[in-house]
Amino acid sequence: MAPHDLAMPPGADPAALSQYLNRAHDTFVTTGSADPALRRLVRESWRRSVAGGLDPEGALASIRLDEEALGAIRDAHPLAVGMPVIRRLLVDSAADAGLLVAVSDAAGQLLWVEGDSALRALAEGMHFVPGADWSESSAGTNAPGTALALDRPVQIFGPEHLARQVTPWSCSAAPIHDPDTGAVLGVLDLTGGDEVATPQSLTLVRATVAAVEAELRIARLSPPAHDVLAPVAWTLPSLDVLGGHGATLRHGATTTRLSLRHSEILLLLTESADGLTTSELGVALSDDDQAQVTVRAELSRLRSVLGPIELASRPYRLATSVQTDVASVRRDLADGRLRRAVARYRGPVLPTSVAPAVERLREELHMHVRSSLLVSDDADALLSFADTTHGRDDFEVWERALSILPATSPRYAQVLAHVERLDDELG
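Because the structure is predicted, anything quoted here is derived from the model rather than measured. (Residues numbered from 1 in each chain as written. Predicted model: local features only at pLDDT ≥ 70, side-chain atom pairs only at ≥ 80, totals over all residues. Heavy atoms only, no water.)

**Describing the pairing of strand 7 (residues 184-192)**
In terms of residue burial, strand 7 counts as a mostly covered element, since nine of its nine residues are buried. Bridge count between strand 2 (residues 100-105) and strand 7: six bridges; the pairing is antiparallel. In the sheet register, Leu100 faces strand 7, and the bridge partner there is Thr191. Bridge analysis of strand 6 (residues 170-177) against strand 7 gives eight bridges, and the strand direction is antiparallel. (Buried < 20%, exposed > 50% of the residue type's maximum accessible area, 1.4 Å probe, protein only. Helix = DSSP H or I, 4+ residues; strand = E, 2+ residues; numbered from the N terminus. Pairing = 2+ DSSP bridges.)

**Notes on the side chain of Thr146**
Along the chain, Thr146 falls in helix 7 (residues 143-150). Judged by relative accessible area, Thr146 falls into the buried class, the value being 0%. Within the structure, the side chain of Thr146 is placed 2.8 Å from the side chain of Glu136, a separation counted as a polar contact. Among all residues touching Thr146, those that are not within four sequence positions of it are Leu41, Ser45, Arg48, Glu136, Thr141 and Val154. (Polar contact = N/O pair within 3.5 Å; in protein donor to acceptor, adjacent residues only side chain to side chain. Contact = heavy atoms within 4.5 Å.)

**Some details on the sheet that holds strand 3 (residues 110-115)**
Read from one edge of the open sheet, five strands run 3-2-7-6-5, paired in antiparallel fashion. The open sheet has two edge strands, strand 3 and strand 5 (154-156), and neither has a second partner. With strand direction ignored, the average angle separating the axes of adjacent strands in the sheet is 15°. Both strand 5 and strand 6 contribute to a ladder of three bridges, which runs antiparallel. Note that in strand 6 the partner of Gln155 across the bridge is Ser172. Sheet contacts for helix 4 (residues 83-97): strand 2, strand 3 and strand 7; angle to strand 3, the most-contacted strand, approximately 40°. Contacts between helix 7 and the sheet are confined to strand 2, strand 5, strand 6 and strand 7, with strand 6 contributing the most and set at about 40° to the helix. (Axes fitted to C-alpha atoms, helices over the stretch in contact; angles between N-to-C directions.)

This is the structure we're talking about:
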């Protein structure tokens, strides 16, 4: 843990530090001059906030989500699967200690605020509530918003907050990343008094973030019955083909990693309600005239790993329904659940496959996801996609994100720089 991550290094006197910071805060608000002795991340955040038009004396975080919109976002958000872990590791002890725990999305909107009930009532006065926007552009310097702006753990002690109403509070926060794509999903924050600015508090937050990211990974490897992103038809066998070199097949308590060829065949059979003949499978799998006997041999070997999943023939078809992550993404997009679709879309369909039918399916699904994003005003979903390996070089997606983000957004400068770099490379 680097020294600049700590708002109150070991041995520091909280009272003396608070007095110094109050003087530095008053000077900055009055003259616009930041004391060089301030932590660099605080100086830069104060300047970003003021440059965006924030009033340090009167600013209050904007409340952008009503109860209905908040509930819909919570239900669809990938961090919903991590909330039981957060409650078990952090919220329960925070409530006993008189602290608050908050979780935001990738755009800085608070989705959950839990912990001590008396402190929650006090926090309402500064709009530290679910549905409020705590990005720097809305609330000024604060741990959740600044952690999001910098994409790293941040502590803010008392008067290091820029908005006057927030200066009695301290907070420690760290970004939560998608374990597969590396995209920022949101921020975990611990808020309270001086004790929240200690090294131990930041360590606890970071450890909880690591546990949440591990839980996300485990949930994706678990049977769909335990996957909050796949509540539909969870009793069916499932096939995951997104982002992996081979598919993962789950039926009951059994999980099987399939070879690439078996992955291709099983995926194509799930996509064909009427089934496929041997010759049709041969054409779908290769541009060459693949011998039908080779396809039959692969199908015979595939039967041995399907377990209770019945593979009928003449034509070849699945007599047992198999749910796929491809179908789930399509369903989410059709129902308007864009954030859930982006969370499911962990990468292209079987990215190493060169089977013509799989390549077409890969292109169709990718274009379906990105076209839905390009007409969306959901900055959280756009940034979640843009931050992934399959979105990092997508100029149109980054350009769309830039057009939605206000110039005062904590990520505006980073998105602008990325768009300019992509534009130079394309030019």
